[in-house]
Amino acid sequence: MNELTYSCAICARDLSRSDAEFIQLTATRPDWIEMQQFYVHASCLASKLDPSVPLGELFET
Ligand SMILES: [Zn+2]
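Presented here is an overview of the structure given in this document.

On to the overall build of the chain. Tallying secondary structure elements over the chain gives one helix and four strands in all. Mapped in sequence order, the helices and strands of the chain form the string β-β-β-β-α. Projected onto its principal axes, the C-alpha coordinates of the chain cover approximately 40 × 30 × 20 Å. For the chain, buried positions account for 20% of its 61 residues. For the chain, contacts bridging at least 24 residues in sequence account for 31% of all contacts bridging at least 6. Carbon and sulfur atoms form 51% of the exposed surface of the chain, whose accessible area is close to 4,900 Å². Computed over 4 positive and 9 negative side-chain charges, the inter-centroid distance for the chain is 7 Å.

Cys8 (SG), Cys11 (SG), His41 (ND1) and Cys44 (SG) make up the full set of protein donors to the zinc ion, lying at 2.0 to 2.4 Å. One way to put it: the four donor atoms around the zinc ion meet at angles of 101 to 118°, and that makes the site tetrahedral. Sequence positions of the donors to the zinc ion reduce to the motif C-x2-C-x29-H-x2-C. Of this pair, Cys8 sits in the loop between strand S1 (5-7) and strand S2 (14-16) while Cys44 sits in helix H1 (residues 42-48), placing them 36 residues apart in sequence. Like Cys8, the residue Cys44 is buried in the burial classification.

The rules behind the values
Residues numbered from 1 in each chain as written. Predicted model: local features only at pLDDT ≥ 70, side-chain atom pairs only at ≥ 80, totals over all residues. Heavy atoms only, no water. Helix = DSSP H or I, 4+ residues; strand = E, 2+ residues; numbered from the N terminus. Buried < 20%, exposed > 50% of the residue type's maximum accessible area, 1.4 Å probe, protein only. Contact = heavy atoms within 4.5 Å. Areas by Shrake-Rupley, 256 points an atom, 1.4 Å probe, with all protein chains shown as cover. Lys, Arg positive; Asp, Glu negative; His and termini not counted. Charge placed at Lys NZ, Arg CZ, Asp CG, Glu CD. Donors = N, O, S within 2.8 Å, 3.2 Å for Na, K, Ca; no water. Tetrahedral: all angles 85-135°; square planar, octahedral: opposite > 155°, others 65-115°.

Just distances and angles here, no functional claims.
Here it is in structure tokens:
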């Protein structure tokens, strides 16, 4: 069975749903129905966030 592979939106390396680092981000705007999905490694996202941003369970791998 082939597993669907994504590209990390930050580093562009392969990312699969079974990866412990897999994070799906949903972006939208107030009052918008449209949304966009982004797939990233938890470590890539964490490295882009300001150190003052608290990281929760999502980032514990
Ligand atoms: Zn990445």
